[in-house]
Structures are given as structure tokens and as C-alpha cells.
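Topology and contacts: notes
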Amino acid sequence: MSSELAQPVIDTHVIVRDGDKILFSQRSGYGRNRWHMPSGKLDRGEELTTGAARELAEETGLEVDPKNLRLVQVVHHHQDAEMDRLGFFFEATEWTGEVVNKEPAKCLALQWFTVHELPDDVIEYPKAGLLGYLNDSGPLVEHNWQ
């Protein structure tokens with residue numbers, strides 16, 4: 001254990017939910033060909049819900065009022081010896097706009113999957129948050145620490 005203060009990267013993830021369907025993004029860079037929910041890093045000085053709404057719009061074209069995002073899961077993820085991450089997972093059930101791949105350099109596809117047939121190849125860190133939410137296993141997942 002170190003006396004150095006933690007400096008985790010703060011991520012926002014948005015679980016866009018339409019009934020039993022969830023919107024997934026297929027990555028083209030990091031995690032190539034694997035799936036996750038719309039997400040991104042929080043900017044310095046930005047509120048969590050504002051950052052989550054911004055990332056969702058930047059990636060998918062969907063607009064959500066930050067007040068309509070519901071925090072459903074937190075993941076404390078140990079990425080490697082140099083970096084830890086705090087991921088805040090929000091549920092969005094109300095939005096405006098149509099799904100459009102607004103970042104084709106980072107995203108190969110946007111696709112809806114049912115909660116009963118999730119994609120096989122979800123990146124582990126967002127998968128931990130998604131399963132914590134779907135399984136209602138409590139508000140916090142500590143991932144990849146052991």
C-alpha cells in the first residue's frame with residue numbers, strides 16, 4: 001500500500017434502455033471489435049451527469065437531459081499498475097433523436113441487444129458494471145483488483 005493519493009480516471013457509461021433492449025457500441029480502436037455501452041472520460045470541471053450526456057450525444061446523436069440520467073452502478077476498476085478507473089454507470093430511458101454513429105473512427109457499429117441476449121464479447125470493465133446493474137448486486141463493483 002502506498003501513501004500516494006489515488007488519481008483514477010473518471011469514466012461515464014450510459015446504459016440506454018428501451019424496454020428490454022440496451023444500446024451497444026462496437027469499438028474500432030481500444031477493444032477492437034468488442035462491445036460496450038456509450039462511454040467516455042469526464043472532463044476536468046464537468047459534472048458527472050453532464051459528462052455522461054455529452055458523451056452519449058457525441059457518440060450516438062441521442063440527446064438526454066442530465067437530470068434524467070439515473071446512477072445505477074459504480075465500478076472501481078484496476079486497469080494496471082499505472083492506472084485505476086472509477087466508472088459511473090447511468091441509465092437513460094428518455095432521450096430525443098435517432099441513433100447515429102457520430103464517431104466512425106472509434107465505433108464500427110451501434111446495435112440494440114436484449115438483456116436476455118447480450119453480445120458475447122463485451123469488454124470486461126463495462127461488462128462488470130452492466131452485470132452489476134442487471135443483477136441488482138449492489139451499487140459498487142470492485143473489478144480486477146485480485
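Since we're looking at a predicted model, the values are computed, not measured.

What counts and how
- Residues numbered from 1 in each chain as written.
- Predicted model: local features only at pLDDT ≥ 70, side-chain atom pairs only at ≥ 80, totals over all residues.
- Heavy atoms only, no water.
- Helix = DSSP H or I, 4+ residues; strand = E, 2+ residues; numbered from the N terminus.
- Buried < 20%, exposed > 50% of the residue type's maximum accessible area, 1.4 Å probe, protein only.
- Contact = heavy atoms within 4.5 Å.
- Areas by Shrake-Rupley, 256 points an atom, 1.4 Å probe, with all protein chains shown as cover.
- Lys, Arg positive; Asp, Glu negative; His and termini not counted.
- Charge placed at Lys NZ, Arg CZ, Asp CG, Glu CD.
- Polar contact = N/O pair within 3.5 Å; in protein donor to acceptor, adjacent residues only side chain to side chain.
- Salt bridge = Lys/Arg side-chain N within 4 Å of Asp/Glu carboxyl O.

As for the overall build of the protein chain
Across its full length, the protein chain carries 2 helices and 8 strands. Scanning the protein chain from its N terminus toward the C terminus, one meets helices and strands in the order β-β-β-β-α-β-β-β-α-β. Along the first, second and third principal axes, the C-alpha atoms of the protein chain reach 50 × 35 × 30 Å. Relative to its full complement of 146 residues, the protein chain shows a buried share of 44%. A separation of at least 24 residues holds for 69% of the contacts in the protein chain among residues at least 6 apart in sequence. Counting every atom, the protein chain has about 8500 Å² of accessible surface; 48% of that belongs to carbon and sulfur. Looking at the protein chain, you have 14 positive and 25 negative side-chain charges, and the mean spots of the two groups are 3 Å apart.

Remarks on the side chain of H143
Following the sequence through the fold, H143 ends up in strand β8 (residues 140-143). Among the polar contacts listed, one links the side chain of H143 to the side chain of H77, at a separation of 2.9 Å. Beyond its immediate stretch of four places on either side in the chain, H143 contacts V75, H76, H77, H78, E124, Y125 and A128.

Comments concerning the side chain of E91
Locating E91 in the fold gives a position in strand β6 (residues 83-92). Residues contacting E91, with those up to four places away along its chain left out, are I15, R17, N68, L69, R70, V72 and Y133.

What about the pattern of salt bridges?
Applying the stated criterion across every chain, the model contains 8 salt bridges. Between D11 and R85 there is a salt bridge, and its shortest N-O distance comes to 2.7 Å. On the criterion of sequence distance, the pair formed by D11 in strand β1 (residues 9-18) and R85 in strand β6 is long-range, its members being 74 residues apart. Across the pair, exposure class does not vary: D11 and R85 are buried alike. A network of salt bridges, in which partner residues are shared, links D43, E46, R54, E55 and E58.

Details of unusual backbone geometry
Even without a glycine there, the phi angle at N33 is positive, about 70°. Mapped onto the fold, N33 is located in the loop between β2 (21-27) and β3 (35-36). Taking the relative accessible area as the measure of exposure, N33 reaches 41% and is therefore partly exposed. Unlike most non-glycine residues, N144 shows phi in positive territory, near 70°. For N144, the position within the fold is in the segment after β8.

Concerning the environment of V9
With respect to the element layout, V9 can be found in strand β1. In this structure the C-alpha to C-alpha distance between V9 and A53, which are 44 residues apart in sequence, comes to 18 Å. Not counting chain neighbours up to four residues away, the residues in contact with V9 comprise K41, M83, D84, R85 and L86.

Things to note about the environment of N33
Sequence spacing of N33 and E47 is 14 residues, and the spatial spacing of their C-alpha atoms is 30 Å. Residues contacting N33, with those up to four places away along its chain left out, are Q26, R27, L108 and D121.

With respect to the environment of I22
For I22, the location among the structural elements is in strand β2. Once you skip the residues sitting within four places of it in the chain, I22 turns out to touch I15, V16, R17, M37, Q111, W112, F113, V115, L130 and L134.

So far we have only geometry, and geometry alone does not tell us how the molecule works.
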